Amino acid sequence: MENVFDYEDIQLIPNKCIVDSRSDCDTSVTLGRHTFKLPVVPANMQTIIDESIALKLAQEGYFYIMHRFQPETRMDFISKMKDKGLITSISVGVKEEEFGFVDQLKKENLVPDYITIDIAHGHSNSVIRMIQYIKEHLPETFLIAGNVGTPEAVRELEHAGADATKVGIGPGKVCITKIKTGFGTGGWQLAALRWCAKAASKPIIADGGIRTHGDIAKSVRFGASMVMIGSLFAGHEESPGETVERDGRKYKEYFGSASEFQKGEKKNVEGKKMYVDYKGPLGDTLREMEQDLQSSISYAGGDSLDAIRTVDYVMVKNSIFNGDKVY
Ligand SMILES: NC(=O)C1=CN([C@@H]2O[C@H](COP(=O)(O)OP(=O)(O)OC[C@H]3O[C@@H](n4cnc5c(N)ncnc54)[C@H](OP(=O)(O)O)[C@@H]3O)[C@@H](O)[C@H]2O)C=CC1
Ligand SMILES: Nc1nc2c(ncn2[C@@H]2O[C@H](COP(=O)(O)O)[C@@H](O)[C@H]2O)c(=O)[nH]1
C-alpha cells in the first residue's frame, strides 16, 4: 500500500453540470435483485435499527439489515415482513447455533432476501464455513460477508460464495479495536476500500468511518456499491437507544456491538458507548442525505451515481475542514 488516506484527506473534482436541477439526479442503486433509493444502509447495531425502523425503511424503498442480537425474534420478523410483501434482510453470526438457524429457515421455507454474516474478523475459516453452508442451503439468498480489510480477504470470501463483501475493521465511531489490538483500517478506511475494491469482482459495502454526507460520495468514488453507517443514524427520534436529558438538551445512546453494554460482560470488549445529540426524525436525515447525494452527482457531471465513480480527486491531507468542527 503506497497511498494511505482517509475521507478527510480527499476532495472530489467537479465536472460540468448536465442537469438543470439537483432533483433530476438519481441516487438509486441495485444490490442483488432489488433497487433501493440510496446507496446507504444503517448499521446492523442494536442502537441503530429495530423492527419498526426496518419496517419503515423497507416500506419506503431503502435497504436495511436487521441486527442479530435478539436471535429468538428473527423467524417471526421474517414472517411478518414477508406477510407484508416487504424485503427481508437479517444478520447471522458463526457460532454453532447459527447453523441450526439456517436449517430452520430452510425447513420453514422462510428464505430471506438478504443475509449478512456479521463478524469482527471476517477473513476466517468460521466465516468461510458459514458462507458455504448458507449458499448450499439457501442458494436464493443474497449473501453479504464481513468484515474484512484486505484484497486477499475479499477474494477468499467471494470465492467461498459471498455475493458481496463488507469492508471496514476498526474505523467505527464506537470502535476501540484499533486501540485494543493495534489492527484495522481505522485512519485509512477510504484507502482500504479502494485497495479492496480493486480486487473485488462483486459489490463492496464500505462500513464505518462516515462522518459527513460527502463521505458517502467519496465511498462511491472509491468503489463502494453501498455504504453502512452507524453514528450518523444514531440519536434519532426512532432510534432504539436510551434518551437522556442534560442541561435542557437531549441525547441518545449509541453503543458498539462488541461493547460491554451489548455483550452483558467484560470479555473481549472492542466497543464503547457514547451519547450523541438528539437529531429529530429519521426521515429528515434520509431526505437530507438524498439531497446532498443528488448534489454530489450534479458536481460529478452526471445524473446518476455512476457519474461519481470516475471523477478525479485530489489529496488535501487533513485540511478540508481548516480546523472547523463539523457534525
Ligand atoms: N467492524 C468492526 O471493526 C468490528 C465490528 N465488531 C462487531 O461486534 C460484534 C461482535 O463481533 P464478533 O466478536 O466477531 O462476534 P461474536 O461475538 O459472535 O464472535 C463470533 C465467533 O468468532 C470468534 N471470534 C471473534 N473474534 C475473533 C478473532 N479475532 N479471532 C478468532 N475468533 C474470533 C468468537 O469466539 P471468541 O469470542 O471466543 O474469540 C466467536 O466464536 C459484531 O456485530 C461485529 O460486527 C466488533 C469488532 C470490530
Ligand atoms: N470495533 C468495533 N466496531 C464496531 C462495533 N460495533 C459496531 N462496529 C462497527 O462500526 C460500524 C459503524 O461505524 P460508524 O463510524 O458509522 O459509527 C458498524 O457498522 C460496525 O462495522 C464495536 O463494538 N467495535
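Residues numbered from 1 in each chain as written. Chains lettered and ligands numbered in written order. Predicted model: local features only at pLDDT ≥ 70, side-chain atom pairs only at ≥ 80, totals over all residues. Heavy atoms only, no water.

Going by an unreviewed UniProt entry, the protein carries the name GMP reductase and comes from Salinicoccus bachuensis. Quoted straight from UniProt, the Sequence similarities (unreviewed entry) entry for the protein says "Belongs to the IMPDH/GMPR family. GuaC type 2 subfamily." In the Function (unreviewed entry) part of its UniProt record, the protein is described as follows: "Catalyzes the irreversible NADPH-dependent deamination of GMP to IMP. It functions in the conversion of nucleobase, nucleoside and nucleotide derivatives of G to A nucleotides, and in maintaining the intracellular balance of A and G nucleotides." (UniProt positions renumbered as here; feature names shortened; annotations may be inferred.)

A. Fine view of the overall build of the protein. Across its full length, the protein holds eleven helices and 14 strands. For 327 residues, the compact-globule formula gives about 20 Å, and the C-alpha radius of gyration of the protein, at 19 Å, lands near that figure. Dimensions of the protein, computed from C-alpha atoms along their principal axes, come out at roughly 55 × 50 × 45 Å. For the protein, restricting intrachain contacts to residue pairs at least 6 apart in sequence, the fraction spanning at least 24 positions comes to 68%. Of the roughly 15,000 Å² of accessible surface on the protein, 46% is carried by carbon and sulfur atoms. Positive and negative charge centroids in the protein, built from 40 and 46 side chains respectively, lie 3 Å apart. (Helix = DSSP H or I, 4+ residues; strand = E, 2+ residues; numbered from the N terminus. Rg over C-alpha atoms; globule rule 2.2 N^0.38 Å. Contact = heavy atoms within 4.5 Å. Areas by Shrake-Rupley, 256 points an atom, 1.4 Å probe, with all protein chains shown as cover. Lys, Arg positive; Asp, Glu negative; His and termini not counted. Charge placed at Lys NZ, Arg CZ, Asp CG, Glu CD.)

B. Local environment of the nonpolar core. In this structure, Phe63, Tyr64, Leu105, Ile117, Ile131, Ile134 and Ile229 are the most contacted members of the largest nonpolar core, which totals 95 residues. When residues in this core are grouped by element, the largest group, six residues, is from helix α10 (residues 282-300). Apart from residues no more than four positions distant in its own chain, Ile134 is found in contact with Val92, Val102, Ile115, Ile117, Pro139 and Leu143. (Core = buried A, V, L, I, M, F, W, Y, C linked by side-chain atoms within 4.5 Å. Buried < 20%, exposed > 50% of the residue type's maximum accessible area, 1.4 Å probe, protein only.)

C. Highlighting the UniProt feature "active site" (unreviewed entry) in the protein. Mapped onto the present numbering, the UniProt feature "active site" (unreviewed entry) falls at Cys175. Residue classification places Cys175 among the buried positions, given a relative accessible area of 13%. Non-local contacts of Cys175, meaning those with residues more than four positions away in its chain, are made with Gly170 and Glu270.

D. Representation of the site of ligand 2 within the structure. Around ligand 2, a shell composed of 22 residues is seen, among which Thr177, Asp207, Tyr254, Ala258 and Glu270 lie nearest. In this structure, an oxygen atom belonging to ligand 2 sits 2.7 Å away from a main-chain N or O atom of Gly230. With respect to ligand 2, the side chain of Tyr254 contributes an N or O atom lying 2.6 Å from an oxygen atom. For ligand 2, the accessible surface in isolation is 520 Å², of which the surrounding protein chains cover 90%. Here the shell around ligand 2 is composed, by residue class, of seven nonpolar, eleven polar and four charged. (Near = heavy atom within 4 Å. Polar contact = N/O pair within 3.5 Å; in protein donor to acceptor, adjacent residues only side chain to side chain. Nonpolar A, V, L, I, M, F, W, Y, C, P; charged D, E, K, R; others polar.)

E. How the structure looks around the sheet that holds strand β13 (residues 273-277). Across the sheet, which stays open at both edges, the three strands sit in the order β11-β12-β13 with antiparallel pairing between neighbours. With one partner strand each, in any of the chains shown, β11 (243-246) and β13 form the two edges of the open sheet. Strand-to-strand, the axes of this sheet are offset by a mean angle of 40 degrees, without reference to chain direction. Taken together, the five bridges between strand β12 (residues 249-255) and β13 define a ladder with antiparallel strand orientation. (Pairing = 2+ DSSP bridges. Axes fitted to C-alpha atoms, helices over the stretch in contact; angles between N-to-C directions.)

F. The arrangement of the packing of helix α4 (residues 125-137) against helix α5 (residues 151-160) in detail. Where α4 contacts α5, the axes come no closer than 8 Å and their chain directions differ by 30 degrees. Classed by the angle they form, the pair α4 and α5 counts as roughly parallel. Touching Val127, Ile128, Ile131 and Gln132 of α4 are Glu156, Leu157 and Ala160, all from α5. (Parallel < 35°, antiparallel > 145°, perpendicular 65-115°, else oblique.)

G. Structural context of the pattern of salt bridges. Scanning the entire structure with this criterion turns up twelve salt bridges. Between Lys273 and Glu253 there is a salt bridge whose closest N-O contact spans 3.0 Å. Here Lys273, found in strand β13, pairs with Glu253, found in strand β12; they are 20 residues apart in sequence, far enough to count as distant. Look at Glu253 and you get buried, because its relative accessible area is 11%. (Salt bridge = Lys/Arg side-chain N within 4 Å of Asp/Glu carboxyl O.)

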